[in-house]
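Here is how the chains run, residue by residue.
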Amino acid sequence: KAGVTQTPRYLIKTRGQQVTLSCSPISGHRSVSWYQQTPGQGLQFLFEYFSETQRNKGNFPGRFSGRQFSNSRSEMNVSTLELGDSALYLCASSGTSGSTDTQYFGPGTRLTVL
Amino acid sequence: AQSVSQHNHHVILSEAASLELGCNYSYGGTVNLFWYVQYPGQHLQLLLKYFSGDPLVKGIKGFEAEFIKSKFSFNLRKPSVQWSDTAEYFCAVNEAVGDMRFGAGTRLTVKP
């Protein structure tokens, strides 16, 4: 079974631009979560989608948004980029709706904001 | 506020030494507990998880963790580390579906 895939793997943007990151979950998985990983803040939860609905959201500003499509693929968008948005953005998928489900992580998208 | 604390930022051990990495959490209700590992250049992957039953959980690669509810702890252990265990280890907790809260991580370096 193919794992979680994320595209693109690397991205360079400038301040003020917007960016869209994509995540394809493991086949059959319906839950997709997004995380931001930085050296200073570690791994921080952004939001989680299940069956095209956002179920949980972390403490990030409204510039960070996401969506999920009917095939469970998810996108994350960041508008009006700031230098502090430079990070590794990780996507994780899990099978069903249980909080005990294992989350399987993708390789991440490394975003650099100049 | 809900939080996960990992006390050791960087641990350096020689091969065959025993390992214990601390993890404490502050959550009010029932939680699910996880340890993830990130080997250099690789994805985060699950080592083990606990959500009910026997508080001593065995995971992959000889790792185990013990859930002590009274201490709000979920420490990771391995009796004898190998050079290949060099990685970053993350403790994580969730209450709600999909909302995983991670500790800051502990970098483990095993000297051959």
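Here, every reference points to the structure presented above.
Every chain begins its residue count from 1, and numbering advances along the sequence as written. Chain letters start at A and ligand numbers start at 1, both assigned in the order the entries are written. It should be noted that, the model being predicted, local features are given only for residues of pLDDT at least 70 and side-chain atom pairs only at 80 or more, the latter also being counted only at that level, while totals for whole chains, interfaces and linings use all residues. Side-chain descriptors were evaluated using all non-hydrogen atoms of the structure, hydrogens and water having been removed beforehand.

A.B. asks: What am I meant to see in the interface of chain A and chain B here?
C.D. replies: It is common to report an interface's size as the accessible area lost on association of the parts. What makes two residues a contact is simply this: any of their non-hydrogen atoms within 4.5 Å. Contact residues are listed per partner, giving 19 residues for chain A and 19 residues for chain B. Take the accessible area each of two parts loses on contact, using a 1.4 Å probe, and add the two losses: that sum is the buried area. Taking both sides of the interface into account, the surface hidden between chain A and chain B amounts to around 1,700 Å²; carbon and sulfur atoms contribute 55%. Salt bridges, as used here, are contacts in which a Lys or Arg side-chain nitrogen is within 4 Å of a carboxyl oxygen on Asp or Glu. Here chain A is connected to chain B by 0 salt bridges. Definition of a polar contact: a pair of N or O atoms within 3.5 Å, with one able to donate and the other able to accept a hydrogen when the atoms are protein atoms, and with sequence-neighbouring residues admitted only if both atoms are side-chain atoms. Our enumeration of links across chain A and chain B arrives at 5 residue pairs in polar contact (both at pLDDT 80 or more). Working definition: helices are DSSP H or I runs of at least four residues, strands are E runs of at least two. Numbering for both runs from the N terminus. Of all elements in the fold, only strand S4 (31-38), strand S5 (42-50) and strand S6 (53-57) of chain A reach the threshold of two or more residues within the side of chain A that touches chain B. Under this grouping Gly is polar, as are all residues other than the nonpolar Ala, Val, Leu, Ile, Met, Phe, Trp, Tyr, Cys and Pro and the charged Asp, Glu, Lys and Arg. Its residues placed into classes, the side of chain A that touches chain B shows 6 nonpolar, 10 polar and 3 charged.

A.B. asks: Whenever I open this one, the nonpolar core confuses me. Can you help?
C.D. replies: If you look at soluble globular proteins, the nonpolar side chains tend to sit buried side by side. The term nonpolar core refers to a set of buried residues drawn from Ala, Val, Leu, Ile, Met, Phe, Trp, Tyr and Cys, joined through side-chain atoms within 4.5 Å. Relative accessibility decides the category of a residue: with a 1.4 Å probe and only protein chains considered, values under 20% of the type maximum give buried, values over 50% give exposed, and everything between is partly exposed. Among the nonpolar cores identified, the biggest contains 29 residues, and Leu33, Trp35, Leu47, Leu48, Phe74, Leu76 and Tyr89 of chain B are the most heavily contacted of them. Broken down by secondary-structure element, the contributors of at least two residues to this core are strand S2 (10-14), strand S3 (19-21), strand S5 (32-38), strand S6 (44-50), strand S8 (64-68), strand S9 (73-78), strand S10 (87-94) and strand S12 (106-111) of chain B. If you tally residues by element for this core, the top one is S10 of chain B, at 4 residues. Residue contacts for Leu76 of chain B: discarding those within four places in its chain leaves Leu19, Glu20, Leu21, Trp35, Leu47, Leu48, Phe63, Glu64, Ala65 and Tyr89 of chain B. Of all hydrophobic cores here, the second largest spans 21 residues; its members include Val19, Leu21, Cys23 and Val113 of chain A.

A.B. asks: Help me understand the pattern of salt bridges, please; the structure alone is not making it clear to me.
C.D. replies: Where charged atoms of side chains with opposite charge meet at close range, the side chains can pair. Residues and elements named next belong to chain B. One pass over the full model with this rule turns up 9 salt bridges over all chains. Put simply, Asp85 and Lys78 hold a salt bridge, and the shortest N to O gap is 2.9 Å. Using a relative accessible area of 2% as the deciding quantity, one classes Asp85 as buried. You can call Lys78 buried: its relative accessible area is 7%. Salt bridges linked by common partners bring Lys58, Glu64, Glu66 and Arg77 together as one network.

A.B. asks: Help me out: how do you make sense of the sheet that holds strand S7 (residues 64-68) of chain A in this one?
C.D. replies: Whether parallel or antiparallel, the strands of a sheet pair through hydrogen bonds between backbone atoms. Residue and element names in this part refer to chain A. At least two bridges found by DSSP between two strands is the condition for calling them paired. Taken in spatial order, the 4 strands line up as S1-S3-S8-S7 in an open sheet, and their pairing is antiparallel. Across the chains shown, the open sheet's two edge strands, defined by having one partner strand only, are strand S1 (5-7) and S7. Between one strand axis and the next, the sheet turns by 20° as a mean value, whatever way the strands run. Relative to strand S8 (residues 74-78), S7 is paired through 5 bridges, and the arrangement is antiparallel. Across the sheet, residue Gly66 finds its bridge partner in S8, namely Met76. Where helices are involved, their axes are fitted lines through C-alpha atoms of the stretch in contact, as for all axes, and angles between N-to-C directions lie from 0 to 180°.

A.B. asks: What is the right way to look at the state of the cysteines in this model?
C.D. replies: The term disulfide refers to a covalent linkage connecting the sulfur atoms of a pair of cysteines. In what follows, a disulfide is any cysteine sulfur pair within 2.5 Å. Evaluation of the coordinates by the stated rule reveals 2 disulfides over all chains. In this model, Cys23 of chain A is linked to Cys91 of chain A through a disulfide, with the two sulfur atoms separated by 1.7 Å. On the S-S bond that ties Cys23 of chain A to Cys91 of chain A, the torsion sits near -50°, and the link is left-handed. Placement of Cys23 of chain A in strand S3 (residues 19-24) and of Cys91 of chain A in strand S9 (residues 87-94) is noted, with a sequence separation of 68 residues between them. Residue classification places Cys23 of chain A among the buried residues on the basis of a relative accessible area of 0%. One disulfide in the model links Cys23 of chain B with Cys91 of chain B; its S-S distance is 1.9 Å.

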